[in-house]
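Structural features, examined
Take a look at the letters that make up each chain.
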Amino acid sequence: IINQDRAKKILSVAVYNHYKRMKYGYMNEDGTDIEKSNVIMLGPSGCGKTALLSHLSRLLDIPFAVTDASSLTEAGFVGADVEVAVRNLYYAAEKDIEKAEHGIIYLDEFDKIARKSGANNSITADPGHEGVQQALLKMLEGSVVEFTARGQRKHPEAPTIKVDTKNILFIVGGAFVGIEDVIAKRIKKDAAGIGFGAEVEGKEKDAAKRFDELIHKVRPEDLMQYGIIPEIIGRLPVICTLETLSEDDLLRILTEPKDAPVKQYEKLLAMDNVELIFEEDALRAVAKKAIERKTGARSLKGIIEDTMLDVMFEIPKSDEKRRVTITKECLEEGREPKIEVIG
């Protein structure tokens with residue numbers, strides 16, 4: 001995982017403490033109750049939230065399941081009940097209840113279930129958002145969750161599976177679009193209260209820089225203002241913030257990791273006896289495109305795929321040893337990559 005060193009540290013400590021708590025028991029002889037260190041992650045789209053966690057679970061060899069929180073609804077509304085998150089973990093643990101009870105659940109898009117009445121107490125209907133948070137609260141605290149097997153409808157006779165969530169580590173995450181404005185407002189108010197007066201704004205900083213500076217100053221009260229209920233925030237004591245990935249970070253993601261997109265395409269073409277070369281400028285152009293799209297690392301592979309489509313279609317038509325060179329023009333002007341026969 002490229003960059004995000006602060007987030008790596010926060011997550012490592014939270015997960016390590018979580019497993020220590022399970023190993024040595026959460027009630028000590030002197031009566032100290034060690035609470036679970038559930039985590040809330042904030043960071044822009046495509047900055048590595050899910051990637052960090054799936055790598056972590058692989059390293060630890062523990063079941064890990066991602067559930068999209070925005071698809072959850074309060075019981076009684078059409079949609080998925082919160083139990084789905086635990087059911088997904090049960091299947092990730094290959095139906096081993098004991099294993100599932102010590103796994104990690106990641107609730108993605110958590111900001112989408114913020115109360116609409118967050119900052120401006122509107123009285124419009126808020127179908128299930130606050131209710132979903134209330135329902136999640138029980139799970140975060142640790143309760144026995146009952147659910148039916150996949151594909152079975154809930155009815156009184158249906159056999160249920162019971163999983164205790166008291167040792168499951170919950171990590172929730174989202175882009176929390178607009179949270180930086182909530183933080184900026186609070187900081188301004190605090191500064192005015194102390195008597196420094198309003199801070200002097202230089203020329204408008206670029207949005208990513210402003211986001212990165214402010215996001216690390218997030219406090220529980222900002223999340224409350226955003227529309228997360230106070231009880232939930234109390235159950236998510238660890239706040240983990242991630243920065244926007246810069247052009248240089250994206251360049252490294254393209255080439256450095258074991259499964260970097262460029263390495264994947266080199267391997268794919270090597271199977272057809274073709275050597276693939278990406279010029280440095282071309283890689284930079286890929287990173288620039290991802291930044292323009294505001295999609296971070298997740299769109300890198302798609303951008304390369306678009307550029308390579310015709311080449312990959314033509315390549316299998318011959319067995320000759322060839323070299324394909326991707327230039328900056330291929331990305332910026334849609335030119336065809338250069339194909340030469342070698343050897």
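Since the structure is predicted, the reported quantities are computational estimates derived from the model, not experimental observations.

**Looking at the overall build of the protein chain**
A count of helices and strands for the protein chain gives 14 helices and 10 strands. Counting across all 343 residues of the protein chain, residues that qualify as buried make up 44%. Long-range pairs, those at least 24 residues apart, make up 71% of the contacts in the protein chain between residues at least 6 apart in sequence. When the accessible surface of the protein chain is summed, it comes to about 18700 Å², and 52% of that surface belongs to carbon and sulfur atoms.

**Considerations on the packing of helix 10 (residues 247-255) against helix 12 (residues 280-293)**
In contact at an axis separation of 9 Å, helix 10 and helix 12 are set at 120° when each is read in the N-to-C sense. Between helix 10 and helix 12 the crossing geometry is right-handed. Contact residues: helix 10 offers Glu247, Asp248, Leu250, Leu251, Leu254 and Thr255, while helix 12 offers Glu280, Leu283, Arg284, Val286, Ala287, Lys288, Ala290 and Ile291.

**Some remarks on a negative patch on the surface**
A cluster of like negative charges, contributed by Glu279, Glu280, Asp281, Glu292 and Glu332, occupies part of the molecular surface. In terms of residue count, the dominant contributor to the negative patch is helix 12 (3 residues). Its place among the elements puts glutamate 279 in the loop between strand 8 (274-278) and helix 12. The class for glutamate 279 is partly exposed, based on a relative accessible area of 34%.

**So, the side chain of aspartate 249**
By secondary structure assignment, the location of aspartate 249 is in helix 10. Of the side chains bearing the opposite charge, arginine 252 lies closest to the buried aspartate 249, which forms no salt bridge; the N-O distance is 5.0 Å. Separated by 3.0 Å, the side chain of aspartate 249 and the backbone nitrogen of serine 246 make a polar contact. Setting aside anything within four residues of it in sequence, one finds aspartate 249 in contact with Ile2, Asn3 and Thr244.

**Looking at unusual backbone geometry**
Positive phi, normally seen in glycine, also occurs at asparagine 3, with a value near 60°. Within the fold, asparagine 3 resides in the segment before helix 1 (5-24). Asparagine 3 gets classed as partly exposed once you look at its relative accessible area, which sits at 27%. Not every positive phi belongs to a glycine, and asparagine 273 is a case in point at roughly 65°. Tracing the sequence through the fold places asparagine 273 in the loop between helix 11 (261-270) and strand 8. The exposure class assigned to asparagine 273 is partly exposed, which follows from its relative accessible area of 33%.

**Points about the sheet that holds strand 6 (residues 169-174)**
Through backbone hydrogen bonds, the strands of a sheet pair up, either in parallel or in antiparallel fashion. Read from one edge of the open sheet, 5 strands run 2-3-6-1-7, paired in parallel fashion. This sheet does not close on itself; its edge strands, each paired only once, are strand 2 (64-68) and strand 7 (238-241). The mean inter-strand angle of the sheet, taken between neighbouring strand axes irrespective of direction, is 20°.

**Some points on the nonpolar core**
Ranked by internal contacts, the top residues of the largest apolar core, which has 46 residues, are Phe110, Leu136, Phe176, Ile179 and Ile232. Setting aside its immediate chain neighbours within four residues, isoleucine 179 contacts Leu42, Ile215, Val218, Asp222, Leu223 and Tyr226. Grouped together as the second largest cluster of nonpolar side chains are 28 residues, Leu245, Leu250, Val262 and Leu331 included.

**Some thoughts on the sheet that holds strand 9 (residues 322-326)**
Overall, mixed pairing links the 3 strands, which are arranged 8-9-10 in an open sheet. Two strands lie at the open edges of the sheet, namely strand 8 and strand 10 (338-341), each paired on one side alone. Taking the axes of each pair of neighbouring strands and ignoring which way they run, one obtains an average angle of 20° across the sheet. With 5 bridges joining them, strand 8 and strand 9 adopt parallel strand pairing. Across the sheet, the residue bridging to valine 274 is arginine 322, located in strand 9.

**Describing the pattern of salt bridges**
Within the structure shown, the criterion is met by 18 salt bridges. The partner of lysine 112 in a salt bridge is glutamate 109, with the nearest N and O atoms 2.7 Å apart. By relative accessible area, lysine 112 is classed as partly exposed at 40%. On the basis of relative accessible area, glutamate 109 is assigned to the partly exposed category, the value being 26%. Note that arginine 186 is salt-bridged to aspartate 222, the shortest N-O span being 2.7 Å. Placement of the pair is arginine 186 in helix 6 (residues 179-194) and aspartate 222 in helix 8 (residues 220-226), with a sequence separation of 36 residues. Aspartate 222 gets classed as buried once you look at its relative accessible area, which sits at 2%. Ionic contacts of the salt-bridge type, sharing partners, join the residues Glu247, Asp248, Arg284 and Lys288 into one network.

**Examining the pairing of strand 9**
Of all 5 residues in strand 9, 4 are buried, a share of seventy percent or more. Of the pairings in the sheet, the one linking strand 9 to strand 10 comprises 4 bridges and is antiparallel in character. By the bridge assignment for strand 10, arginine 323 is matched with glutamate 340.

**Things to note about the environment of valine 66**
Here valine 66 is to be found in strand 2. For valine 66 and leucine 107, which are 41 residues apart along the polypeptide, the C-alpha to C-alpha distance reads 5.9 Å. Excluding its chain neighbours within four sequence positions, the residues that come into contact with valine 66 are Thr50, Asn88, Tyr106 and Asp108.

Thresholds applied
- In this numbering scheme, every chain counts its residues from 1 along its sequence in written order.
- In view of the model being predicted, local features appear only for residues whose pLDDT reaches at least 70, and side-chain atom pairs are presented and counted only at 80 or more, with totals across whole chains, interfaces and linings using the full set of residues.
- No hydrogens and no water enter the side-chain calculation; it runs on all heavy atoms of the structure.
- Strands are runs of DSSP state E lasting at least two residues, helices are runs of H or I lasting at least four, and both sets are numbered from the N terminus onward.
- Whether a residue is buried, partly exposed or exposed follows from its accessible area with a 1.4 Å probe, protein chains only, as a fraction of its type maximum: under 20%, in between, or over 50%, in that order.
- When checking whether two residues touch, look at their non-hydrogen atoms; a contact exists if any pair is within 4.5 Å.
- The accessible surface values rely on the Shrake-Rupley method and a 1.4 Å probe; as for residues, cover is taken only from the protein chains in view.
- To get an axis, fit a line to the C-alpha atoms, keeping to the stretch in contact for a helix; angles then go from 0 to 180 degrees between the N-to-C directions.
- It is the rotation of the near helix from the far one that decides the hand of a crossing: anticlockwise by less than a right angle makes it left-handed, clockwise makes it right-handed.
- A patch consists of residues whose relative accessible area exceeds 30% and which take part in no salt bridge; residues with like charges are grouped when within 9 Å of each other, and nonpolar side chains (Val, Leu, Ile, Met, Phe, Trp, Tyr) when within 5 Å.
- What makes a salt bridge here is a side-chain nitrogen of Lys or Arg within 4 Å of a carboxyl oxygen of Asp or Glu, nothing more.
- Charged residues are defined here as Lys and Arg on the positive side and Asp and Glu on the negative side; His and the ends of the chain fall outside this count.
- By convention, the point assigned to a charge is CZ for Arg, NZ for Lys, CD for Glu and CG for Asp.
- In the analysis that follows, any N or O atom pair within 3.5 Å is treated as a polar contact, provided that within protein one partner can donate a hydrogen and the other can accept it, and provided that, for residues neighboring in sequence, both atoms belong to side chains.
- Two strands pair if DSSP finds at least two bridges between them.
- Only buried Ala, Val, Leu, Ile, Met, Phe, Trp, Tyr and Cys residues count toward a nonpolar core, and they belong to the same one when joined by side-chain atoms within 4.5 Å.

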